[in-house]
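Per-entry structural report
Take a look at the letters that make up each chain.
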Number of protein chains: 2
Amino acid sequence: MARTHGSHSDITGPRIRDAALRLFARHGYAAVSMRQIAAEVGVQAGALYNYIPDKQSLLFELMQGHMSETIAACEARPKASGALARLRDFMGFHIRFHLARPDAVFIAYMELRNLSPENFAVIEGLRQRYESLLESILTEGIHEGTLAPPDPKLATRAVIAMLNGVNTWYREGGRLTLDEVEAIYWDMVRRAVGG
Amino acid sequence: MARTHGSHSDITGPRIRDAALRLFARHGYAAVSMRQIAAEVGVQAGALYNYIPDKQSLLFELMQGHMSETIAACEARPKASGALARLRDFMGFHIRFHLARPDAVFIAYMELRNLSPENFAVIEGLRQRYESLLESILTEGIHEGTLAPPDPKLATRAVIAMLNGVNTWYREGGRLTLDEVEAIYWDMVRRAVGG
DNA sequence: GTCTATATAGTGATAGAC
DNA sequence: GTCTATCACTATATAGAC
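Computed from a predicted model, the values in this text were never measured in an experiment.

**Overview of the overall build of chain A**
- A tally of regular secondary structure across chain A gives eight helices and zero strands.
- The linear arrangement of helices and strands in chain A, starting from the amino end, is α-α-α-α-α-α-α-α.
- With respect to the principal axes defined by its C-alpha atoms, chain A has extents near 65 × 40 × 30 Å.
- Across the 195 residues that make up chain A, the buried fraction comes to 49%.
- Looking at chain A as shown, the accessible area adds up to about 9,500 Å², and 54% of this sits on carbon and sulfur atoms.

**Here's the deal with the packing of helix α4 (residues 83–99) of chain A against helix α8 (residues 178–193) of chain A**
Residue and element names in this part refer to chain A.
- α8 packs onto α4 with a crossing angle of 135° between their chain directions and a minimal axis gap of 10 Å. Between α4 and α8, the interaxial angle falls into the category oblique. Relative to α8, the crossing made by α4 is right-handed. Between α4 and α8, the residues in contact are Leu84, Leu87, Arg88, Met91, Gly92, Ile95, Arg96 and Leu99 and Leu178, Asp179, Glu182, Tyr185, Trp186, Val189, Arg190 and Val193, respectively.

**Notes on the UniProt feature "domain: HTH tetR-type" (unreviewed entry) in chain A**
- Using the residue numbers shown here, the UniProt feature "domain: HTH tetR-type" (unreviewed entry) corresponds to residues 10–70 of chain A.
- As a span, residues 10–70 of chain A carries 66% helix and 0% strand, and end to end its C-alpha atoms are 27 Å apart.

**Section: the interface of chain B and chain A**
- Taken together, the contact pairs 35 residues of chain B with 35 residues of chain A.
- Approximately 2,800 Å² of surface area, both sides summed, lies buried where chain B meets chain A, with 62% of it carried by carbon and sulfur atoms.
- Our count for the chain B to chain A interface comes out at four salt bridges.
- We note a salt bridge from Arg113 of chain A to Glu111 of chain B, for which the minimum N-O separation is 2.9 Å.

**Looking at the domain arrangement of chain A**
Residues and elements named next belong to chain A.
- Along its sequence, chain A is organised into domain 1 (1–52) and domain 2 (54–193).
- Spacing between the C-alpha centres of domain 1 and domain 2 amounts to 30 Å.
- With 15 residues of domain 1 at the interface, the matching set in domain 2 holds 13 residues.
- Interface of domain 1 and domain 2: buried area, both sides summed, is about 1,400 Å²; carbon and sulfur atoms make up 70% of it.
- Our enumeration of links across domain 1 and domain 2 arrives at one salt bridge.
- Residue Glu61 pairs with Arg17 through a salt bridge whose shortest N-O separation is 3.0 Å.
- Across the contact surface, domain 1 and domain 2 share five residue pairs in polar contact (both at pLDDT 80 or more).
- Mapped by element, the contributors of at least two residues to the side of domain 1 that touches domain 2 are α1 (12–27) and α2 (34–41).
- Here the residues of the side of domain 1 that touches domain 2 sort into twelve nonpolar, one polar and two charged.

**What to know about the nonpolar core**
- Counting 124 residues, the largest nonpolar core has Phe24, Ile37 and Tyr185 of chain A together with Phe24, Ile37 and Tyr185 of chain B as the members making the most contacts within it.
- Excluding its chain neighbours within four sequence positions, the residues that come into contact with Tyr185 of chain B are Leu154, Arg157 and Ala158 of chain A together with Met91, Met162, Leu163, Val166 and Trp169 of chain B.

**Topic: the pattern of salt bridges**
- This model, assessed by the stated rule, comprises 29 salt bridges over all chains.
- A salt bridge links Asp151 of chain A to Arg175 of chain B; the shortest N-O distance between them is 2.8 Å. Of the two residues, Asp151 of chain A sits in the loop between α6 (117–144) and α7 (152–169) while Arg175 of chain B sits in the loop between α7 (152–169) and α8 (178–193), which places them in two different chains.

**Focus on the side chain of His98 of chain B**
Residue and element names in this part refer to chain B.
- Relative to the helices and strands, His98 resides in helix α4 (residues 83–99).
- Of the residues examined, His98 reaches a relative accessible area of 5% and is grouped as buried.
- Of the polar contacts made by the side chain of His98, one reaches the backbone oxygen of His94; its length is 2.9 Å.
- Filtering out sequence-adjacent residues up to four positions away, His98 remains in contact with Thr70, Phe93, Val105, Tyr130, Asn164 and Asn167.

**Regarding the side chain of Arg86 of chain A**
- Positionally, Arg86 of chain A belongs in helix α4.
- Each residue touching Arg86 of chain A, except ones within four places of it in the same chain, is listed here: Lys79, Ala80, Ser81, Ile137, Glu140 and Glu144 of chain A.

**A word on the relation of the copies chain B and chain A**
- If you rotate chain B by 180° and push it 0.0 Å along the axis, it lands on chain A with an RMSD of 0.0 Å. Taken together, these values place the two copies in the relation of a two-fold axis. In terms of C-alpha distance to the rotation axis, chain B has Ala192 of chain B as its closest residue, with the C-alpha 2.3 Å off the axis.
- When the interface residues of chain B are mapped onto chain A, 100% of them again fall at the interface, so both copies present the same face.

So, how was this worked out
- Residues numbered from 1 in each chain as written.
- Chains lettered and ligands numbered in written order.
- Predicted model: local features only at pLDDT ≥ 70, side-chain atom pairs only at ≥ 80, totals over all residues.
- Heavy atoms only, no water.
- Helix = DSSP H or I, 4+ residues; strand = E, 2+ residues; numbered from the N terminus.
- Buried < 20%, exposed > 50% of the residue type's maximum accessible area, 1.4 Å probe, protein only.
- Areas by Shrake-Rupley, 256 points an atom, 1.4 Å probe, with all protein chains shown as cover.
- Axes fitted to C-alpha atoms, helices over the stretch in contact; angles between N-to-C directions.
- Parallel < 35°, antiparallel > 145°, perpendicular 65-115°, else oblique.
- Left-handed = near helix turned anticlockwise from the far one by under 90°.
- Contact = heavy atoms within 4.5 Å.
- UniProt positions renumbered as here; feature names shortened; annotations may be inferred.
- Buried area = accessible area lost by both parts, 1.4 Å probe.
- Salt bridge = Lys/Arg side-chain N within 4 Å of Asp/Glu carboxyl O.
- Domains from an automatic or database assignment.
- Polar contact = N/O pair within 3.5 Å; in protein donor to acceptor, adjacent residues only side chain to side chain.
- Nonpolar A, V, L, I, M, F, W, Y, C, P; charged D, E, K, R; others polar.
- Core = buried A, V, L, I, M, F, W, Y, C linked by side-chain atoms within 4.5 Å.
- Least-squares fit on C-alpha atoms with pLDDT ≥ 70 in both.

This is the structure:
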């Protein structure tokens, strides 16, 4: 844990980000000090500044990295044929991808107000880009005649809000398996926006 | 704004809570100092402690007050006959009540982790009590045969998550009136959990 | 690349005058 | 009931030794 003077670690950078991710998620960006992050990594606070220019940049890079990975992973999936199947796939992707990264998801939603205005604009743009991936499935479904949401924009927001909720309560070993949760949500979503 | 020595205000207590509510919502509990709150009210920081024992109690009382008011207002409504009508009424109540208090709603969701363990337990209990008001509508609907959610517990969480989302994007004067938003969400919810 | 030490500023909370 | 002044800490960030 603690590190002696002059000892070198080649992976200090990633370890700083990991520690910050965990601590920011648990206590909040404003409540976490650079000293706490340094202590988790096993260095002194001053050493952090060899890897990051300041605390704000650390938060921004965590959020930007998460949003970019989310978009990239979503776009890298094989594309099913038909909007209904693509909607089903999107739901499964969203639930599982987000459940696997609870800290990053939590930060991306909770710490928006702690971003500088310029950084906020970047993250907000990425969030909208991700939402548009779902919205385009819904509009394709309308054209196909397989989906009929009352309003594609609001349905997009409603579905994402529903799915995000899963992260706040789902725990492995609970009443329902993840497959069951997914099936139940798919049932509700299909009925809500189906044709 | 600034107040001269010895000047007395009979409503300093409520003004402290108003200022704290606004500042906590905008910048986050941990990022707001007692001096900032005092400056908003127009007193010095020391004067705050005539009204609150400490900063944590201030946060707790804001959240407890909001949750209690929400539950009381929800229970005070006239009870429509039939689960379908009661579900429709609940949705309208939730959307409008929450849109009218964006700061309190924001704090109630974002600052849970800044509560002491004992305070957290109280707020979490109130949150569950509010959710149970919706869940009992769904289970009543199942017995009536008018509603058929795939799972009442998950449907409760899904509907509340959907509705809470409205607070994050709805702005008066936007593309849709509040009546239209309500109608669209009602359409989706009725299809998702209807019989 | 990490250390120690420090500059500069701010924190929550309290004491005692008025 | 509010003020001023203060205590004891803590904060981010930087400088310079090694």
